[in-house]
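Here is how the chains run, residue by residue.
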Amino acid sequence: MFWERFEKLCNEHNITPTALVNKITNSSSNATVWKKKLPKTDYLIEIANYFNVSIDYLLGRTPMPIILKEDKAHKKLIYREYCTVKSTPHVIALLDILGTSNRLLDENTEQECVENIFDIHNLILSLSKEKNDMEKDLKLPSNSIKYNVFSDSVVIAIECPNSADCFVLISKLSALVSSLQSNIFLNKKYLIRGALCYGNLYIDEHTVIGSGLVTAHYLENKTAIYPRIIIQPELQNDIRLIMENNSHLSQIYISDPDGAIFINPMFFITEINDLKKGYNIINELFCDETADKKIIQKKCWFKKYWLNTGLKIIKAMPQYAELTQNAITIEECFETIDGEVQKTSV
């Protein structure tokens, strides 16, 4: 981390790393040493003074340089942030893991909840292959897709300086989000609510801030209501055009009766066992005793969505289409399929 920061600062100050090493130590050969190990403390202080940054920044302990400035009124030096960051247009997905507050406040479930959230964070941060594949597919520079996790929320963002590319990036990010949403539900039994929007953002591994995040948070908190990831209203007309003209992409978005368009979390579910697993999890969720009408309302919405969409998925499966053509509920489909399996196994 030190050498990367050192090179970056040298480039910003129009001096080569070798030249500065020679200037500080009177030996350019120390450049080779510094690439592998940290300079001595005296040299670190000289480098920090030369660039007017903190040693913490040089060592990678803070994401932004800190510079010293003179406070003439009080005759002393004080620290202030040296802001070189800039928010730029991004396609942004904000995901909020629902139900964590009550579990964290319950001493019987607190530790399990902490471990589950940690596992979910690691799941998202480990998506390096998917991230790299998407960047290659979209011909994006490396590390164009960024993640930031904090508490029970996740932000995934793709820089999009050209608005003409916006909807290509939205469709790709929607697919990634759909996969994550179903994965978290089926493996950790958590529902997700969120929003996907377009706006200005600054994001790195430590910090996420910008008007785009404010928009996403408002949509997630005030508009989404149910466990769904909704599309920003300003983008919905164009999404509807995509749905009309692309039969494959149309399946990743769903129009709700309230006018909202949300990402289909069952887009990648193609196995009967996953549908059964989801069905059982939903029944487990309803076994939790709660008098909170809002929580019950959210669960009811998701149950209705899962059962109706699951029924359509089963009826679209070639191996079950004829067998389940007269079924009107997902439970009937399961019973019919299980009965057929028992017959063939006898």
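Residues numbered from 1 in each chain as written. Predicted model: local features only at pLDDT ≥ 70, side-chain atom pairs only at ≥ 80, totals over all residues. Heavy atoms only, no water.

Considerations on the overall build of the chain
- Assigned secondary structure in the chain consists of 15 helices and 10 strands.
- By the compact-globule yardstick of 20 Å for 346 residues, the chain is too spread out, its C-alpha radius of gyration being 26 Å.
- With the principal axes as the frame, the chain shows a C-alpha extent of 85 × 50 × 45 Å.
- Counting only contacts in the chain whose residues sit at least 6 apart along the sequence, the fraction spanning at least 24 positions is 61%.
- Working note: accessible area of the chain is about 19500 Å², and carbon and sulfur atoms make up 50% of it.
- Taking the 38 positively charged and 43 negatively charged side chains of the chain as two groups, their mean positions are separated by 6 Å. (Helix = DSSP H or I, 4+ residues; strand = E, 2+ residues; numbered from the N terminus. Rg over C-alpha atoms; globule rule 2.2 N^0.38 Å. Contact = heavy atoms within 4.5 Å. Areas by Shrake-Rupley, 256 points an atom, 1.4 Å probe, with all protein chains shown as cover. Lys, Arg positive; Asp, Glu negative; His and termini not counted. Charge placed at Lys NZ, Arg CZ, Asp CG, Glu CD.)

Details of the nonpolar core
- Counting 44 residues, the largest nonpolar core has V155, F185, L201, L275, F302, W306 and I314 as its most contacted members.
- Mapped by element, the contributors of at least two residues to this core are β3 (88-97), β5 (153-159), α9 (166-188), β6 (192-203), α10 (211-224), α13 (272-287), α14 (293-316) and α15 (330-345).
- Of the residues forming this core, the biggest block, eight residues, is contributed by α14.
- Other than its neighbours up to four places away in sequence, W306 contacts F185, L186, M266, I269, D274, L275, G278, Y279 and I282.
- V154, C160, I239 and I261 belong to the second largest nonpolar core, which has 40 residues in total. (Core = buried A, V, L, I, M, F, W, Y, C linked by side-chain atoms within 4.5 Å. Buried < 20%, exposed > 50% of the residue type's maximum accessible area, 1.4 Å probe, protein only.)

Let's talk about the packing of helix α2 (residues 17-25) against helix α4 (residues 41-51)
- Across the interface, α2 lies against α4 with an axial gap of 11 Å and an inter-helix angle of 120°. Judged by the inter-axis angle, α2 sits oblique to α4. Crossing geometry of α2 relative to α4 is assigned as right-handed. Where α2 abuts α4, its residues L20, K23, I24 and T25 lie against Y43, E46, I47, Y50 and F51.
- Looking at the contact of α2 with α4 residue by residue, the classes come out as six nonpolar, one polar and two charged. (Axes fitted to C-alpha atoms, helices over the stretch in contact; angles between N-to-C directions. Parallel < 35°, antiparallel > 145°, perpendicular 65-115°, else oblique. Left-handed = near helix turned anticlockwise from the far one by under 90°. Nonpolar A, V, L, I, M, F, W, Y, C, P; charged D, E, K, R; others polar.)

What to know about the packing of helix α1 (residues 2-12) against α2
- Between α1 and α2, whose axes approach to 9 Å, the crossing angle comes to 100°. One way to sum up the angle between α1 and α2 is to call them roughly perpendicular. Taking contact as the criterion, the partners of W3, F6, E7 and C10 in α1 are, on α2, P17, L20 and V21.
- Its residues placed into classes, the contact of α1 with α2 shows six nonpolar, no polar and one charged.

Examining the environment of P39
- Looking at the secondary structure, you find P39 in the loop between α3 (30-36) and α4.
- Classification of P39 by relative accessible area gives buried; the value is 7%.
- Each C-alpha atom of the pair P39 and I231 lies 50 Å from the other, and the pair is 192 residues apart in sequence.
- In contact with P39, not counting residues within four places along its chain, are F2, W34, L44 and I47.

A short note on the pairing of β5
- When you tally the buried positions in β5, you get six out of seven residues, the bulk of the element.
- Examined bridge by bridge, β3 and β5 share seven bridges and lie antiparallel to one another. When the bridges of β5 are listed, V91 appears paired with I158.
- In this sheet, β5 lies alongside strand β4 (residues 145-150) in antiparallel orientation, the contact comprising six bridges. Paired with F150 across the bridge in β5 is S153. (Pairing = 2+ DSSP bridges.)

Observations concerning the packing of aromatic side chains
- For the structure shown, the criterion picks out 17 aromatic pairs.
- Plain terms: the ring middles of F6 and F51 are 6.3 Å apart, the flat faces sit at 75° to each other, and that makes the pair edge-to-face. Placement of the pair is F6 in helix α1 and F51 in helix α4, with a sequence separation of 45 residues.
- Geometrically, the ring pair formed by F262 and Y305 is edge-to-face, given 5.7 Å between the ring centres and 75° between the ring planes. With F262 in strand β10 (residues 261-263) and Y305 in helix α14, the pair connects residues that are 43 residues apart, well separated along the chain. (Phe/Tyr/Trp six-rings, centres within 6.5 Å; stacked < 30°, edge-to-face > 60°.)

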